[in-house]
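These are the residues of each chain, in order.
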Amino acid sequence: MVATSTMKSKNSECISELIDRRLDHAQIDEELDYWYHGLIEPNLNGEVFEERTCQNLAKMFENCLSRAKKTKLHCSEVLVPEKLTSRIARDVLRLSSGEPCGLRGCILFINLEVENVCKKLDRIIYDSSVVPTFELTLVFKQDGSAWPSLRDFFLIGACFSPGFRHALKLSPGFRLVKKKLYSPSAGTVVEEY
């Protein structure tokens, strides 16, 4: 039996199909209730999958920042606001939802804006077996309002070479730029948070 959105109730066609499979009335009611509730209630498997995808994306962002801290950011640690990577992951999923291949068709460029200059940190292809249909550019922002701590002030001169910071603090704000690759006339979507 296939559940479709046109199934309104326990109609006779469905019941006869279940009787042909030699199910008793209790099993028939249970089977029909399962499919009926599956149409009305949100798909819990989909929600679990989306949550796992968000967690995986957030972890990818954190790993990207971790890899970049010494090579591209020249610091010993990156301070990330609580739940920032999770918020970004949800927004990336939302922007991917209307695309032909969803997140699987995404090329994600990750940048950091420091003093009005964008540094390229990484490029992530979520599923390399799928031809990309759109690009997302994520721009983390440095928290410019934070003064360096006294400890950082002393450590910079004592332990690190010039140009090397002890800690880089990210702002809770970020920017996502979406560009469709299959439709050049679609334009670019910029969302600032």
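The residue numbering used here restarts from 1 in each chain and proceeds along that chain's sequence as written. In keeping with the model being predicted, local features are shown solely for residues with a pLDDT of at least 70 and side-chain atom pairs are shown and tallied solely at 80 or more, while totals for entire chains, interfaces and linings include all residues. Hydrogens and waters are ignored; side-chain quantities use all the structure's heavy atoms.

> Tell me about the nonpolar core, and name the residues and values.
Formed by 32 residues in total, the largest nonpolar core has its most connected members in Phe61, Ile110 and Phe140. Secondary structure follows DSSP: runs of H or I at least 4 residues long count as helices, runs of E at least 2 residues long count as strands, and numbering of each begins at the N terminus. Listed by contribution, the elements that provide at least two residues to this core are helix 3 (44-71), strand 1 (75-79), helix 4 (84-96), strand 2 (106-114), strand 3 (117-125), strand 4 (134-142) and strand 5 (165-180). Looking at this core, the element that brings in the most residues is helix 3, giving seven residues. Contacts were defined at the residue level, with two residues in contact if any of their heavy atoms lie within 4.5 Å. Filtering out sequence-adjacent residues up to four positions away, Phe61 remains in contact with Thr85, Ile88, Ala89, Val92, Leu108, Ile110, Leu138 and Phe140. The nonpolar core is taken to be a set of buried Ala, Val, Leu, Ile, Met, Phe, Trp, Tyr and Cys residues, with the residues joined through side-chain atoms within 4.5 Å. Note on classification: 1.4 Å probe, protein chains only; a residue is buried when its accessible area is under 20% of the maximum for its type, exposed when over 50%, partly exposed between these limits.

> Give a description of the packing of aromatic side chains that names residues and reports values.
Aromatic contacts are taken between Phe, Tyr and Trp rings whose centres are within 6.5 Å, Trp giving its six-membered ring; a plane angle under 30 degrees counts as stacked, one over 60 as edge-to-face, and the others as tilted. Per the stated rule, a full pass over the model turns up zero aromatic pairs. For a lysine, the NZ atom is tested; for an arginine, the CZ atom; a charge sits over a ring if that atom is within 6 Å of the ring centre and within 35 degrees of the ring normal. When the ring centre of Phe134 is taken as origin, the NZ or CZ atom of Lys178, which lies over that ring, is 5.5 Å away.

> Describe the environment of Met60, and please don't skip the residues or the numbers.
By secondary structure assignment, the location of Met60 is in helix 3. Its relative accessible area of 27% is what places Met60 among the partly exposed residues. Residues Met60 and Ile124, 64 residues apart in the sequence, show an inter-C-alpha distance of 8.5 Å. Residues in contact with Met60, not counting those within four places in the same chain, are Ile124 and Tyr126.

> Go over the pattern of salt bridges, please, and point to the residues and values.
Put simply, a salt bridge is a Lys or Arg side-chain nitrogen that is within 4 Å of an Asp or Glu carboxyl oxygen. Counting across every chain of the model gives eleven salt bridges. In this structure, the salt-bridge partner of Lys169 is Asp143, at a minimum N-O distance of 3.6 Å. Of the two residues, Lys169 is situated in strand 5 and Asp143 in the loop between strand 4 and helix 5 (150-159); the sequence distance between them amounts to 26 residues. Note on Lys169: relative accessible area 39%, which makes it partly exposed. A salt bridge links Arg175 to Glu192, with the shortest nitrogen-to-oxygen separation between them at 3.4 Å. With Arg175 in strand 5 and Glu192 in strand 6 (residues 188-192), the pair connects residues that are 17 residues apart, well separated along the chain. Accessibility expressed as a relative area gives 17% for Arg175, which makes it buried. In this structure, a network of salt bridges that share partners links the residues Glu113, Lys141, Arg175 and Glu192.

> Tell me what's going on with the pairing of strand 2, and back it up with residues and numbers.
Here strand 2 lies mainly inside the structure; seven of its nine residues are buried. What makes two strands pair is DSSP finding at least two bridges between them. Examined bridge by bridge, strand 2 and strand 4 share eight bridges and lie parallel to one another. The partner of Phe109 across the bridge, within strand 4, is Thr137. Sheet analysis places strand 2 next to strand 3, joined by eight bridges and oriented antiparallel. Across the sheet, the residue bridging to Leu112 is Lys119, located in strand 3. Turn length for the strand 2-strand 3 hairpin, with the two strands adjacent in sequence and antiparallel, is two residues, and the turn residue Glu115 shows positive phi of about 50°.

> Could you give me a rundown of unusual backbone geometry, with the residues and numbers involved?
A positive phi angle is found at Lys83, which is not glycine, with a value near 65°. In this fold, Lys83 is placed in the loop between strand 1 and helix 4. Not every positive phi belongs to a glycine, and Asn116 is a case in point at roughly 65°. Take Asn116: it is sitting in the loop between strand 2 and strand 3.

> Describe the side chain of Asp127, and please don't skip the residues or the numbers.
Take Asp127: it is sitting in the loop between strand 3 and strand 4. Judged by relative accessible area, Asp127 falls into the buried class, the value being 19%. Pairs of N or O atoms within 3.5 Å make up the polar contacts considered here, provided that, within protein, one atom can donate a hydrogen while the other can accept it, and that residues adjacent in sequence are counted only when both atoms are side-chain atoms. Polar contacts involving the side chain of Asp127 include one to the side chain of Arg104, which spans 2.9 Å.

> Got a sec to walk through the confidence of the model for the chain? Specific residues and values, please.
Every residue gets a pLDDT, meaning the predictor's confidence in that residue, from 0 to 100. Per-residue confidence for the chain averages 76 on the pLDDT scale, and 64% of its residues sit at or above 70. Low pLDDT, under 50, characterises residues 34-41; the predicted model gives this stretch eight contacts beyond four residues in sequence or across chains. Counting contacts from residues 150-162, a segment whose pLDDT is below 50, to residues more than four positions away or on other chains yields ten contacts.

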